[in-house]
Amino acid sequence: MSTQAVHVEAHEHRDDIRSRMGMWLFLFSELLLFGGLFLMYSVYRFMHQHDFSIASKEMNTFFGTMNTVILLTSSLTMALSITAIKRGSRKLSIFFQLVTILFGITFMVNKFIEWSAEFRKGNFPGSAILLNKPPGQILYFGLYYSMVGLHGIHVLVGMGLIAFMTRLTIKGIINKDDYVKLETAGLYWHLVDIIWIFLFPLFYLIT
Amino acid sequence: MEKNKAHEEHGYGMYILVWLALVTLTGLTATVAGINFGKLSIAVALLIAVIKSYLVLTEFMHLKSEQKSFKVFVFVALLFICISFTLLFTDYSFYVR
């Protein structure tokens, strides 16, 4: 009986709208973090248009497009997992969450293959081959590694977050009536997706 | 506790439609990049990225069904990003000859 009383009280203090607002406020700070980097990118690209175009030819557009589709699909499965839990299908929700994490892993493996290929070509920060290139191309690769790298860290954090939510769903803490934690984790994951939506054309598709 | 469930029902089908639109737009942006529009290329690429982000924000992130305050907050945040870009390039144009 006493546990039930505690349970009821916990419910009374719940405010899902404010929880989501909290996550949105955090996302705005993320927007500033990446916004600053995009500002830097835009000025350097404006200064070195030709070099940026040549350097971006080194990118593997196929991998870039595949990674975009993978991340978009992971956003879909994340959204589906929330609908599933709302409708009370816990197992389906857990399945979608695990698929989301799997897509995240695939994204990172692709990134690993891509970066390894660049490193073999000598296009890594501080390498003699890269330092002999024009300043614009050095800047391009500097921005590429820092921005895509920071995004990659966000993907890793997002995967950790979703894995934690899966644990909570299995435990029943996230359930049909209380799924705001899963929703906020989803918001973070979708923001990571949006950032990639901009990174992809800006680094891979320069004509 | 109904106030915590301000959301409308988001169906599986709607999400799959949004996802199809997003993948199509990705295909479009990759294809269009092969065509040389000159200075317009970057504008087309960014326009497609903005449309995709709009879809993710409104549908996947449920902004469409959130309270008005959420929409105002997001608008203000994006407005400040736009102001930053405008000020930066205004400033920059005075330094470079």
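Structural data are supplied above this passage.
Residues numbered from 1 in each chain as written. Chains lettered and ligands numbered in written order. Predicted model: local features only at pLDDT ≥ 70, side-chain atom pairs only at ≥ 80, totals over all residues.

Student: I'm lost on the overall build of chain A in this one. Help?
Tutor: In terms of regular secondary structure, chain A is built from eight helices and zero strands. Each helix (α) and strand (β) of chain A, taken in turn from the N terminus, gives the series α-α-α-α-α-α-α-α. Its C-alpha atoms give chain A principal-axis dimensions of about 75 × 30 × 25 Å. The buried share of chain A, taken over its 207 residues, is 35%. Look at the contacts in chain A between residues 6 or more apart in sequence, and 78% of them connect residues 24 or more apart. (Helix = DSSP H or I, 4+ residues; strand = E, 2+ residues; numbered from the N terminus. Buried ≥ 20, exposed ≤ 12 C-beta atoms within 10 Å, placed from the backbone. Contact = placed C-beta atoms within 7 Å.)

Student: Is there a simple way to think about the overall build of chain B in this case?
Tutor: When helices and strands are counted, chain B shows three helices and zero strands. Counted from the first residue to the last, chain B has its helices and strands arranged as α-α-α. Relative to its full complement of 97 residues, chain B shows a buried share of 20%.

Student: Teacher, can you tell me more about the interface of chain B and chain A here?
Tutor: As a measure of interface size, the accessible area lost when the parts come together is often cited. Counting residues at the interface gives 32 residues for chain B and 32 residues for chain A. For the side of chain B that touches chain A, the elements supplying multiple residues, two or more each, are α1 (12-32), α2 (40-60) and α3 (68-95) of chain B. For the side of chain B that touches chain A, the residue count by class is 21 nonpolar, ten polar and one charged. (Nonpolar A, V, L, I, M, F, W, Y, C, P; charged D, E, K, R; others polar.)

Student: Would you explain the packing of helix α7 (residues 135-171) of chain A against helix α8 (residues 180-204) of chain A in this entry?
Tutor: Relative orientation and spacing of two packed helices are given, respectively, by the angle between their axes and the distance between those axes. All names here are of chain A. Two elements in contact, α7 and α8, have axes separated by 10 Å at closest approach and are oriented at 160 degrees. With respect to their mutual orientation, α7 and α8 come out roughly antiparallel. You can see that α7 and α8 cross each other, and the crossing is left-handed. Counting all contacts with α7, which are made through Tyr-144, Met-147, Val-148, His-151, His-154, Val-155, Gly-158, Leu-161, Ile-162, Met-165, Leu-168 and Thr-169, the residues of α8 involved are Lys-181, Leu-182, Ala-185, Tyr-188, Trp-189, Val-192, Ile-195, Trp-196, Leu-199 and Phe-203. (Axes fitted to C-alpha atoms, helices over the stretch in contact; angles between N-to-C directions. Parallel < 35°, antiparallel > 145°, perpendicular 65-115°, else oblique. Left-handed = near helix turned anticlockwise from the far one by under 90°.)

Student: Explain helix α5 (residues 90-120) of chain A here, please?
Tutor: The periodicity of an α-helix, 3.6 residues per turn, causes residues three or four places apart in sequence to face the same way. Residues and elements named next belong to chain A. Look at α5: 45 Å from first C-alpha to last across 31 residues, which is about the 45 Å you get at 1.5 Å a residue. Residues of α5 that are buried: Ser-93, Phe-96, Gln-97, Thr-100, Ile-101, Phe-103, Gly-104 and Phe-107. Packing partners of the buried residues in α5 comprise α4 (61-86) and α7. At the C-terminal side of α5, Gly-122 shows a positive phi close to 90 degrees. (Expected span 1.5 Å × (residues − 1).)

Student: Just checking my understanding: could you explain the nonpolar core for this structure?
Tutor: Taken as a class, soluble globular proteins show a tendency for nonpolar side chains to be buried jointly. One finds Ala-79, Leu-182, Ile-195, Trp-196 and Leu-199 of chain A to be the most contacted residues of the largest nonpolar core, which totals 60 residues. The element contributing the most residues to this core is α8 of chain A, with 14 residues. The residues touching Ala-79 of chain A, leaving out its near neighbours within four places in the chain, are Gly-186 of chain A together with Tyr-15 and Phe-60 of chain B. (Core = buried A, V, L, I, M, F, W, Y, C linked by C-beta atoms within 7 Å.)

Student: Even after reading the chapter, I still don't get unusual backbone geometry, so can you show me in this structure?
Tutor: Of note in the backbone geometry, His-62 of chain B takes a positive phi value of approximately 60 degrees without being a glycine. Within the element layout of this structure, His-62 of chain B appears in the loop between α2 and α3.

Without other data, these values stay purely geometric and don't point to any function.
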